[in-house]
Amino acid sequence: MKTLAIVQARMGSTRFPNKVMRPILETPMIGLLLERLAQAKKIDKIILATSVNKINQSLVDYVADLGYEVYQGSEDDVLDRYYQVASIYQPEIVVRITGDCPLIEPEVVDDAISTFQSSNIDYLSNVSPPTYPDGLDVEVFSFTALAQAWQEARKAQEREHVTPYIRESAKFKLLNITHPENCANRRWTVDEPEDFEVVKNIFQYFAPRRDFSWLEVLRLEQQHPELFSANQHLVRNEGATLGKGQKLWKRAKRVIPGGNMLLSKRAEMFLPEKWPAYFSKAKGCYVWDMDGHQYIDMSIMGIGTNILGYGHPEVDEAVHQAVHQGNMSTLNCPEEVYLAERLVELHPWADMVRFARTGGEANAIAIRIARAASGKDKVAICGYHGWHDWYLAANLGDDGNLAGHLLPGLEPNGVPSTLKDTIYPFRYNDFNQLEALVQAHDIGTIKMEVSRSEPPKHNFLNKVRKLATDKGIVLIFDECTSGFRQTLGGLHKLYGVEPDMAMFGKALGNGYAITATIGRREVMEAAQRTFISSTFWTERIGPTAGLKTLEVMEKMQSWNLITETGHEIRRRWTELANRQNLDIQISGLPALSVFSFPSPKMLEYKTLITQEMLKKGYLAATSVYVCTEHKPEIIDGYFEALEPIFATIAQCEEGQDIEALLETNVCHGGFKRLN
């Protein structure tokens, strides 16, 4: 046998799963491809090469029923798949066809094979550069070249995409064939659902014929461009440059509003089109993406959830045991009692505890209890307190009210207008503003973060406590973020000011979902005069993780470790900026540090930092949420990687074009950029 065509296809496409078996005119797409390819006269045999993954079984069965042989090999090493198939049949020539090209043109394939046979070359294609429509891609190479590439190629991209080593190693004779008219801007492949819509339109137009030529399709596009409009925004061969996480992110945004459940983890907030987006594994301060690339997390560490690092062995083992014993039951888990007692022990001013699983829930619970206890609706707030209606109502009538509380540009769509004038924001350290609010409105609750961007000044917290006491106002400290960062418990312990209620989240379970609302008995008992209840607040994993996390924190004195590391990071940021004559501003708790440059180009600079640090193996931007696994050698490596980027930013401040350095769009900085 001289010429073997190998069609690679699988069901587990990251961007468009199961696409090869999706029906067009009641025939799976792969069947249409094989039917058209079989018309090529220069091919002696066609083999489908897929992976051993069980998800491909329907594809294997279908193609085998059509009478074609099927080989199942490596999921990711497609080069090995090709070599193993070719080794069985020992062809002189191998033709590579991908399963996303149902409009493959037999005459184009024959022309490519004929040209290869008449030329003294090792590899031929019509894609380097492309002049045919995307979807008519053909690669032809010798078995000898394939064997050499299989033997020598080492990079993951070379193994996954089969021919990069042949094309780029300079060890082979190459040739590209072109069409007189450049049609490379036509997109007839199927990578995305929009592509499938276009291809389906084409087959439906020509039905029942399936042997139409690509030139007929070209004329159809000229005559009826509306049939081809769905995928015009897509980029040719984008899949060759996108990682699995980036592909999955595009897929996610089709079925999940915004792409995910948390604004702070959206790819656009870091590095649009380039951010890995998803992880396959996390341990210590290391994260592995879906392609197996390892990164050091010098960013937000799970949005501040993992003070002890990812996957702490003692916490995880406690959770494993809880799962083994059973996570849910008709009866209650005893761990919630033990954790409540431990939190009261750490905060002697508090008497009672209610648990939930998220910070937003804890904030809503606290407000409900406080309103029930005070008998008043109106709340004065300072800081970020979640997504619920009660809080976002602050922006009713003025969507700038929360701009200073981490939510710039937020329009309170969906929040009942009847909640207007129930929430009144005040600035941190501005006691006069708070006092004026209390005098002007019937405030029943003051809710605030103990500290976020700056420490309290001029006895601020004590003044707030006295005002609340004098006016009979329930004072709530939101410690969902600040808790356990500088003390074993709430940050308020550091300043010696006791609230009436406090909430803890994020770090309490070291990555497992558990939040707590604690408070004085006379306030907390109001929970029995309202309805606050949820099934999954009674599961066992959260309280178990919380108990073990507190135990490990106390043993390690983790709050001291991460605070010391945070101070060191801030010192070295300042030192690095000074060396480059950059004006740097640093804010936040030591273990939740953020830096910025007072420049209108700050978002561009943040994007550049993320882009260049990612290349060096770091998840990093302008924030570092410290964990105990950020050892000195990790910090040293981080600053070694960061220094030349600061130097580049200094050059940009002197006039270098920052836009020319960016390889993607600028990261988003708020809700307005996300729309």
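The name recorded for the protein in an unreviewed UniProt entry is Aminotransferase class III-fold pyridoxal phosphate-dependent enzyme, from Phormidium yuhuli AB48.

What to know about the layout of surface pockets
In this model, the second largest pocket occupies a volume close to 980 Å³. Elements that contribute at least two residues to the lining of the second largest pocket include exactly α3 (78-89), β6 (93-98), α6 (156-160) and α7 (164-168). Here the lining of the second largest pocket is composed, by residue class, of nine nonpolar, eleven polar and 16 charged.

Quick notes on α3
With twelve residues, α3 should cover 16 Å at 1.5 Å per step; its first-to-last C-alpha distance of 17 Å lies within 8% of that length. Buried within α3 we find Val78, Leu79, Asp80, Arg81, Tyr82, Tyr83, Val85 and Ala86. Where α3 ends, the next residue or the one after it, glutamine 90, has phi of about 50°, a positive value.

Concerning the sheet that holds strand β7 (residues 123-125)
Read across the open sheet, the seven strands follow the order β5-β4-β1-β6-β8-β7-β9; overall the sheet is mixed. In this open sheet, the two edge strands, each paired with only one partner strand, are β5 (69-73) and β9 (174-176). Mean inter-strand twist for the sheet, computed between neighbouring axes without regard to direction, equals 25°. Where β6 and strand β8 (residues 139-142) come together, four bridges link them in antiparallel fashion. Opposite valine 95, over in β8, you have valine 140 as the bridge partner.

A look at the sheet that holds strand β20 (residues 585-587)
Overall, antiparallel pairing links the three strands, which are arranged β20-β21-β23 in an open sheet. The open sheet has two edge strands with one neighbour each: β20 and β23 (623-625). Averaged over all pairs of adjacent strands, the angle between their axes in this sheet comes to 15°, without regard to strand direction. Pairing between β20 and strand β21 (residues 592-596): three bridges, direction antiparallel. Bridging from a neighbouring strand, isoleucine 586 pairs with phenylalanine 595 of β21.

About the criteria used
Every chain is numbered on its own, with residues counted from 1 as its sequence reads. Given that the model is predicted, a residue must reach a pLDDT of at least 70 before its local features are reported, and side-chain atom pairs must reach 80 or more before they are shown or counted; all residues, however, enter totals for whole chains, interfaces and linings. Excluded from the side-chain calculations are hydrogens and water; all other atoms, namely the structure's heavy atoms, are used. The rule is simple: put a 1 Å grid over the protein atoms alone, call a set of points where a 1.4 Å probe fits but cannot get out a cavity, call an open set with protein on both sides within 12 Å along at least five of seven lines a pocket, and count a residue as lining if it has an atom within 4 Å of a point. Grid points are joined across faces, edges and corners, and a volume is the space filled by probe spheres set on the points. A run of H or I in DSSP becomes a helix once it reaches four residues, and a run of E becomes a strand once it reaches two; helices and strands are each numbered from the N terminus. Here the nonpolar group is Ala, Val, Leu, Ile, Met, Phe, Trp, Tyr, Cys and Pro; Asp, Glu, Lys and Arg are the charged ones; every other residue, Gly included, is treated as polar. By definition here, a helix of n residues has an expected span of 1.5 Å times n minus one. Here the term buried applies to any residue with accessible area under 20% of the maximum for its type, exposed to any over 50%, and partly exposed to those in between, with areas from a 1.4 Å probe on protein chains only. Two strands qualify as a pair provided that DSSP identifies no fewer than 2 bridges between them. Lines fitted to the C-alpha atoms define the axes, with helices restricted to the stretch that makes contact. Angles between their N-to-C directions range from 0 to 180 degrees.

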